[in-house]
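Each chain is listed here by its residues.
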Amino acid sequence: MTKTTLNFEVKPLSGKFGAEVFASHNWLTSEGAATRIISTLEKHGVLVFPQLHLSDDDFVTMTQNMGSMTQSTVINDGSIAPSKGLYRISLDKYATQAGYDRWNTVFPPRVHSLVWSQSNGQTSLLIGSTADHIIGMDAAESRALLDELLEWATQERFTYLHSWQAGDLVMFHNPALLHRSRPYDAQSGRVMHRTTLD
């Protein structure tokens, strides 16, 4: 069922989660939009704004209205780090020791609960590719359990695969979902602009 309010239309995607959102640039960058966007994101987990073509300035404004934005200068394409808080990143943790070392420099290892309870009462398993082991378990048993949970959680029925089009904005509730990039042609000119809330 599609839900529409002034300047904001939500159309749930088929499956367990996700929604397409249709909204004007002016509405998305207004301060009043932030609460609605966040509540919709918490409900659906993934929001797809198809072919929105939001400018970098509007993207940053929208993010800042939603909360405290993480400032980052991490880039991987040799360009000068932008000062706006946007960044591009594509790190393959397991490709080389240098890649692994860089990943851990940018994202230092941390300890988390295996089950994360969200403020809305939903729970998530923190079992992504960066989950190394479960404290208090034998290393082999720990790895086997993490692998089993990851295999179960990534079944097709729990998966949304986005087919990118120029100008798409995809927003996901980072700690509530597993996510990954798919292989792509390096010559395709792909550039991802990303902001992150603290």
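Figured I'd write up the structure that's included with this text. (Residues numbered from 1 in each chain as written. Predicted model: local features only at pLDDT ≥ 70, side-chain atom pairs only at ≥ 80, totals over all residues. Heavy atoms only, no water.)

This next bit is on the pairing of strand 7 (residues 169–172). What you see with strand 7 is a clean split: L169 and M171 sit on the buried side and V170 and F172 on the side with no burial. Pairing analysis gives four bridges linking strand 4 (residues 46–49) to strand 7, with the strands arranged antiparallel. Within strand 7, the residue paired with L47 across the bridge is M171. (Buried < 20%, exposed > 50% of the residue type's maximum accessible area, 1.4 Å probe, protein only. Helix = DSSP H or I, 4+ residues; strand = E, 2+ residues; numbered from the N terminus. Pairing = 2+ DSSP bridges.)

Turning our attention to unusual backbone geometry. Notably, Q51 is not glycine yet its phi reads approximately 45 degrees, a positive angle. For Q51, the location among the structural elements is in the loop between strand 4 and helix 3 (56–66). Phi at H53 is positive, roughly 55 degrees, even though this residue is not glycine.

What follows deals with the packing of helix 2 (residues 33–44) against helix 3. Look at helix 2 against helix 3: their axes get within 8 Å of each other, and the N-to-C directions meet at 80 degrees. One finds that helix 2 runs roughly perpendicular with respect to helix 3. Every residue of helix 3 that contacts helix 2 at A34, I37 and I38 is listed here: M62, N65 and M66. Of the residues assigned to the contact of helix 2 with helix 3, the class counts are five nonpolar, one polar and no charged. (Axes fitted to C-alpha atoms, helices over the stretch in contact; angles between N-to-C directions. Parallel < 35°, antiparallel > 145°, perpendicular 65-115°, else oblique. Contact = heavy atoms within 4.5 Å. Nonpolar A, V, L, I, M, F, W, Y, C, P; charged D, E, K, R; others polar.)

By the definition in use, this model includes two aromatic pairs. Taking 4.9 Å as the distance between ring centres and 50 degrees as the angle between the ring planes, the aromatic pair formed by W152 and F158 counts as tilted. (Phe/Tyr/Trp six-rings, centres within 6.5 Å; stacked < 30°, edge-to-face > 60°.)

This brings us to the pattern of salt bridges. Under the criterion given, the structure shown has one salt bridge. A salt bridge links R143 to D147, with the shortest nitrogen-to-oxygen separation between them at 3.0 Å. Remark: D147 and R143 occur in helix 5 (residues 139–153); sequence separation between them is four residues, near one turn of the helix. (Salt bridge = Lys/Arg side-chain N within 4 Å of Asp/Glu carboxyl O.)

For helix 5, which comprises 15 residues, the first-to-last C-alpha distance of 21 Å matches the rise-based estimate of 21 Å (1.5 Å per residue) to within 8%. Three or more residues of helix 5 are buried, namely S142, L146 and A153. Taken end-on, helix 5 shows its buried residues confined to a sector of 35 degrees, consistent with a single buried face. Opposite the buried face of helix 5, at more than 90 degrees from it, the exposed residues are A140, E141, E148 and E151. Between a side-chain oxygen at the N-terminus of helix 5 and the backbone nitrogen of A140 the separation is 3.1 Å; the capping residue is D138. (Expected span 1.5 Å × (residues − 1). Arc of directions from axis to C-beta. Polar contact = N/O pair within 3.5 Å; in protein donor to acceptor, adjacent residues only side chain to side chain.)

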